[in-house]
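Here are the chains, one letter per residue:
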Amino acid sequence: MNDDVRNIVLGVIAAGISAAIGWVARTYLWKRKLRRKQAFFGLPDNSESLLVVNRDAGSPDLAVHRYDVFALLELSALIKDCGANVQVVTQDEARQGFGERTEFCVGGPGSNRRMLAHLSALLPGVRVNLDPERGPDQGAFEIGGERYPMERGVTEYVLLARVTAGLSRPVFLFSGQRAITNQAATRYLARNHERLYRKYGNNSFVLLLKVVNSQAYGPDVVELVGDVTRAAQTPAAAPAARTSHRAS
């Protein structure tokens with residue numbers, strides 16, 4: 001074997017070794033990323049999850065608002081990526097406990113009775129005005145003595161929570177003032193779950209998000225108002241002086 005042939009053979013071998021090392025490294029990083037995602041969502045391979053959807057509060061029929069359908073699609077993609085299975089039920093059918101399997105509950109307490117039960121049991125510091133009559137306080141949140149009223153299409157709020165305390169699997173809550181805010185919260189989670197995992201690990205958190213100018217931007221422009229975990233998990237005291245947050 002002359003030098004030229006030997007150099008070619010050695011080059012091919014080196015290229016093959018480099019490719020193999022690169023493939024192993026990419027596979028390792030992909031699997032590590034997947035395991036972190038599965039841990040955050042409580043969805044190991046072939047595990048079961050529950051997706052609870054509300055009904056359209058503006059429809060007399062048992063219909064699901066189109067923005068809530070979009071939210072379900074966002075969550076279904078996340079569940080599929082984790083290699084898990086999902087059962088989709090309406091809030092009327094979800095008559096079972098929680099914590100044995102990961103649950104994603106979508107919709108405000110006014111249109112989702114299971115969300116109402118979850119807020120009472122898991123986030124007793126959150127109050128929501130459920131007055132059916134339209135007015136300045138309809139749908140307003142009150143958390144830690146501060147009030148967050150809704151201005152339709154301009155400034156709307158949604159709670160995104162991951163609750164784990166005492167549970168085998170986490171419960172994710174997407175409780176918005178309107179259906180479009182529910183989709184905004186699921187999209188925010190899909191885009192930011194890696195950052196949230198780095199910050200919170202497998203612990204509980206409750207985030208208050210503000211959806212800005214949804215009449216123009218839909219569910220895409222979302223601002224983090226703050227981490228309200230402590231206030232949301234502390235039972236609310238009797239009504240006192242409140243601070244109202246309105247769009248400037």
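Residues numbered from 1 in each chain as written. Predicted model: local features only at pLDDT ≥ 70, side-chain atom pairs only at ≥ 80, totals over all residues. Heavy atoms only, no water.

*Asks:* Would you mind showing me how to read the packing of aromatic side chains here?
*Replies:* Aromatic ring pairs are described here by two measures, namely the spacing of the ring centres and the angle between the planes. Inspection of the entire model under this criterion finds 10 aromatic pairs. Here the aromatic rings of Phe40 and Phe172 are separated by 5.8 Å at their centres, their planes lie at 55 degrees, and the arrangement is tilted. Of this pair, Phe40 sits in helix H1 (residues 3-41) while Phe172 is found in strand S8 (residues 171-176), placing the two residues 132 residues apart along the sequence. Residues Phe41 and Phe172 carry aromatic rings whose centres are separated by 5.4 Å and whose planes lie at 40 degrees to one another, so their mutual orientation is tilted. You can see Phe41 sitting in helix H1 and its partner Phe172 sitting in strand S8, a full 131 residues away along the chain. Neither residue differs from the other here; Phe41 and Phe172 are each classed as buried. (Phe/Tyr/Trp six-rings, centres within 6.5 Å; stacked < 30°, edge-to-face > 60°. Helix = DSSP H or I, 4+ residues; strand = E, 2+ residues; numbered from the N terminus. Buried < 20%, exposed > 50% of the residue type's maximum accessible area, 1.4 Å probe, protein only.)

*Asks:* Looking at this model, I keep getting lost on the packing of helix H2 (residues 66-81) against helix H4 (residues 179-200). Mind explaining?
*Replies:* To describe two helices that pack against each other, one gives the angle between their axes and the distance between the axes. For the pair H2 and H4, interaxial distance at closest approach is 7 Å and the crossing angle is 20 degrees. Regarding the angle of H2 to H4, the classification is roughly parallel. Every pair of crossing elements has a handedness; the one defined by H2 and H4 is left-handed. In this structure, H2 uses Tyr67, Asp68, Phe70, Ala71, Glu74, Leu75 and Leu78 to contact H4, whose residues at the interface are Ala179, Ile180, Asn182, Gln183, Thr186, Arg187, Ala190 and His193. When grouped by side-chain class, the residues that make up the contact of H2 with H4 number eight nonpolar, four polar and three charged. (Axes fitted to C-alpha atoms, helices over the stretch in contact; angles between N-to-C directions. Parallel < 35°, antiparallel > 145°, perpendicular 65-115°, else oblique. Left-handed = near helix turned anticlockwise from the far one by under 90°. Contact = heavy atoms within 4.5 Å. Nonpolar A, V, L, I, M, F, W, Y, C, P; charged D, E, K, R; others polar.)

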